[in-house]
Amino acid sequence: MSFRLTTLPNGFRVVTEFMPGLESAAVGVWVDAGARHEGTDQNGIAHFLEHMAFKGTATRSALQIAEEIEDVGGYINAYTSRETTAYYARVLRADVRLAVDLIADILRNPRFEAREIEVERGVILQEIGQALDTPDDVIFDWLQEAAYPAQPIGRSILGRSADVARFGEGDLRRFTAAHYGPGQMILAAAGAVDHDLLVKLAEDQFGDLRPAPAPVADPARFHSGERRELRDLEQAHFALAFESPGYRDPDYYVAQVYAGVMGGGMSSRLFQSLREERGLCYAIFAQAGAYADTGLMTVYAGTGGDELGALAGLTIDEIRRSAEDMTEAETARAKAQMKAGMLMGLESPSSRAERLARLLSIWGRVPDVSETVARIDAVDAQALRAHARALASAANVALALYGPVGAAPDLVALSRRLAA
């Protein structure tokens with residue numbers, strides 16, 4: 001499989017990957033605008049804008065948008081992250097033109113009716129409330145805020161209720177005007193797609209957009225921080241974070257493999273040591289999330305309040321121990337899991353289209369899958385041990401605790417144990 005890339009004169013990019021044997025296609029527009037691009041008084045507006053995507057345009061009502069895509073058996077959706085907002089559809093080969101037309105209409109001609117804004121405001125406020133009532137969701141927002149305090153990248157994607165309660169049409173249009181320029185958009189498609197057709201559709205729908213300089217997001221600054229919320233819950237929720245390489249860092253794949261060894265599955269160190277051998281928790285995992293210029297190595301566990309102290313201390317001990325005795329067998333297993341997960345995922349045209357857009361946004365090009373596999377294969381146990389030593393000597397660590405956590409060790413105690 002190979003991809004094709006065309007950049008229009010105004011900077012709008014079109015990237016496609018034809019997948020033989022498929023009768024369907026995934027197509028969407030990925031915009032380099034997310035929660036970290038919001039101003040102090042805009043927290044949640046990127047997500048609000050995504051919610052308004054399907055509430056009507058100058059030429060279609062919300063019902064017409066739904067009916068047109070479902071009349072051909074397709075679906076259309078959107079999502080917001082801290083760095084991206086995506087609007088995408090899945091359709092049959094013959095309906096790619098319709099999918100692009102719908103997405104373009106949503107992006108170019110939103111109506112932003114006052115009544116629909118109020119309806120979605122209520123929906124989003126309920127979503128925020130639901131997140132606050134879901135401990136293993138909200139704790140990651142609190143951890144992000146503890147790690148990146150007073151920074152856009154540290155704020156919740158959903159936003160603060162007080163801000164969401166006052167957003168209006170003008171706020172939405174100002175954010176769109178500032179962040180939805182042609183150079184910030186990528187039309188990506190995979191499956192049964194014709195690149196030349198997609199380029200023609202892009203020229204028709206987006207070719208008249210005027211180029212504009214993209215606002216630069218504030219650089220991320222990782223700090224030590226702790227958020228502890230006492231609540232009478234059945235479980236205590238524990239989340240610990242270290243700064244990790246961003247997408248463009250040469251050690252990005254080292255961090256990904258390390259997270260797999262530590263908490264990527266049932267054979268991982270943390271799962272075996274804390275759950276299987278000691279029974280200190282039901283769920284525990286580690287992951288290495290990444291952004292353009294930073295990342296988070298996160299360990300999460302749900303446990304009882306009485307077990308939390310032991311679990312937190314042993315988690316630190318496992319990180320320190322991994323700096324000394326990480327093995328090639330563990331490394332090979334984590335690399336195999338990572339490669340298999342990636343390659344299995346890429347059997348889906350939706351995953352392919354998202355990969356095209358994400359990598360093009362990050363690198364300005366789309367590395368071949370074989371290049372990515374080679375980068376994973378290049379990671380060895382020595383590199384993982386060096387990564388673990390860097391974590392063990394980290395000056396800054398972030399911690400979030402939620403539930404019956406009054407007796408849990410604080411960040412100072414855990415940092416001392418890490419450095420012991």
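Read on for a plain summary of the structure. (Residues numbered from 1 in each chain as written. Predicted model: local features only at pLDDT ≥ 70, side-chain atom pairs only at ≥ 80, totals over all residues. Heavy atoms only, no water.)

So, on to the overall build of the chain. Each helix and strand counted, the chain has 16 helices and 11 strands in total. The C-alpha radius of gyration computed for the chain amounts to 23 Å, which stays within 12% of the reference 22 Å derived for 420 residues, consistent with globular compactness. In terms of its C-alpha atoms, the chain occupies a principal-axis envelope of roughly 65 × 45 × 40 Å. Split into buried and exposed, the 420 residues of the chain put 52% on the buried side. For the chain, long-range pairs separated by at least 24 residues make up 81% of all intrachain contacts whose partners lie at least 6 apart in sequence. Here the chain contributes 42 positive and 58 negative side-chain charges, whose respective centroids are spaced 4 Å apart. (Helix = DSSP H or I, 4+ residues; strand = E, 2+ residues; numbered from the N terminus. Rg over C-alpha atoms; globule rule 2.2 N^0.38 Å. Buried < 20%, exposed > 50% of the residue type's maximum accessible area, 1.4 Å probe, protein only. Contact = heavy atoms within 4.5 Å. Lys, Arg positive; Asp, Glu negative; His and termini not counted. Charge placed at Lys NZ, Arg CZ, Asp CG, Glu CD.)

Any two side chains of opposite charge can pair if their charged atoms end up close together. A complete count under the given rule lists 34 salt bridges for this structure. One salt bridge connects R93 with E23, and the closest N-O pair in it is separated by 3.5 Å. One end of the pair, R93, is in the loop between β5 (85-92) and α3 (96-108); the other, E23, is in the loop between β2 (13-18) and β3 (24-31), with 70 residues separating them in the sequence. Judged by its relative accessible area of 53%, E23 is exposed. Of the charged contacts, one joins R36 and E83 as a salt bridge, the two residues approaching to 2.8 Å between their closest N and O atoms. (Salt bridge = Lys/Arg side-chain N within 4 Å of Asp/Glu carboxyl O.)

The next subject is helix α11 (residues 308-325). Working note: α-helix, 3.6 residues per turn, so residues spaced by three or four point in the same direction. The terminal C-alpha atoms of α11, which comprises 18 residues, lie 25 Å apart, in line with the 26 Å expected from a rise of 1.5 Å per residue. Listed as buried for α11 are L308, L311, A312, G313, L314, T315, I316, E318, I319, S322 and A323. (Expected span 1.5 Å × (residues − 1).)

For the structure on display, the rule yields 11 aromatic pairs. A centroid spacing of 6.0 Å and a plane angle of 55° characterise the contact between Y79 and Y88, whose relative ring orientation is tilted. Judged by centre distance (5.4 Å) and plane angle (40°), the rings of F285 and Y300 are tilted. Of the two residues, F285 is situated in strand β9 (residues 283-290) and Y300 in strand β10 (residues 295-303); the sequence distance between them amounts to 15 residues. The class of Y300 is buried, set by a relative accessible area of 5%. Each residue in the set F140, F285 and Y300 is aromatic and connected to the rest through ring pairs, giving one cluster. (Phe/Tyr/Trp six-rings, centres within 6.5 Å; stacked < 30°, edge-to-face > 60°.)

Along helix α16 (residues 411-419), the residues classified as buried are L411, L414 and L418. Angularly, the buried residues of α16 cover 65° about the axis, an arc narrow enough to put them on a single face. Facing away from the buried surface of α16 by more than 90 degrees, the exposed residues are R416 and A419. On the buried face of α16, the contacting elements are β7 (225-230), β8 (236-244), α11, α15 (381-392) and β11 (397-403). At the N-terminal boundary of α16, the capping side chain belongs to D410, with an oxygen 3.2 Å from the backbone nitrogen of V412. (Arc of directions from axis to C-beta. Polar contact = N/O pair within 3.5 Å; in protein donor to acceptor, adjacent residues only side chain to side chain.)

Further remarks concern the packing of α3 against helix α8 (residues 195-206). Where α3 contacts α8, the axes come no closer than 10 Å and their chain directions differ by 25°. Relative to α8, the element α3 is oriented roughly parallel. In this structure, the crossing between α3 and α8 has a hand that is right-handed. Mapping the contact onto sequence places V96, R97, V100, D101, A104, L107 and R108 in α3 and L197, L198, L201, Q205 and F206 in α8. Residues of the contact of α3 with α8, tallied by class, amount to eight nonpolar, one polar and three charged. (Axes fitted to C-alpha atoms, helices over the stretch in contact; angles between N-to-C directions. Parallel < 35°, antiparallel > 145°, perpendicular 65-115°, else oblique. Left-handed = near helix turned anticlockwise from the far one by under 90°. Nonpolar A, V, L, I, M, F, W, Y, C, P; charged D, E, K, R; others polar.)

Coordinates in, geometry out; function isn't part of it.
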